[in-house]
Amino acid sequence: QVQLVESGGGLVQAGDSLRLSCAFSGRTFSGYVMGWFRQTPGKEREFVAAIRGSGGFTLYADSVKGRATIRRDNAKNTVTLQMNSAKPEDTAVYYCAAGSGTMLIMSTLRNYQYWGQGTQVTVSS
């Protein structure tokens, strides 16, 4: 069974950088697409970024494009999300997710089978 554990959330100032990490265990990491989603109270969980198993293809939501970088280390079974120039609207619970390496659309929530517990990120203005 796949297990995902996020870390790195917390309070940051607007304009600062934040870095989230997700540790994967239980299966062959490189066989999974890894994604980051976020959710605020009363809203649906939304796509942030995703990366293919090889690390050769990444996808970003328009809201974070140019500010966020998703990377994976297949030797360490980890995926990270670096976000620069944080904005108050980035405040959310961030979730790491894993899905089949053959998924076609990496931004679709239902394509991910495994989820972490989430980590709170708060960006103060």
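Residues numbered from 1 in each chain as written. Predicted model: local features only at pLDDT ≥ 70, side-chain atom pairs only at ≥ 80, totals over all residues. Heavy atoms only, no water.

A. The sheet that holds strand β3 (residues 18–25), seen in detail. With antiparallel pairing, four strands are arranged side by side in an open sheet as β1-β3-β8-β7. One side of each edge strand has no neighbouring strand; the edge strands of this open sheet are β1 (3–7) and β7 (68–73). Going from strand to strand, the sheet's axes swing by 15 degrees on average, the running direction of each strand aside. The pairing of β1 with β3 spans five bridges and is classified as antiparallel. Bridge pairing links Gln3 to Ser25 in β3. (Pairing = 2+ DSSP bridges. Helix = DSSP H or I, 4+ residues; strand = E, 2+ residues; numbered from the N terminus. Axes fitted to C-alpha atoms, helices over the stretch in contact; angles between N-to-C directions.)

B. View of the environment of Gln117. The residue Gln117 is located in the loop between β10 (112–115) and β11 (119–124) in this model. What makes Gln117 partly exposed here is its relative accessible area of 48%. Sequence-wise, Gln117 and Glu89 are 28 residues apart; in three dimensions their C-alpha atoms are separated by 21 Å. In this structure, Gln117 is in contact with Leu4, Val5, Glu6 and Tyr95, ignoring residues within four places of it in sequence. (Buried < 20%, exposed > 50% of the residue type's maximum accessible area, 1.4 Å probe, protein only. Contact = heavy atoms within 4.5 Å.)

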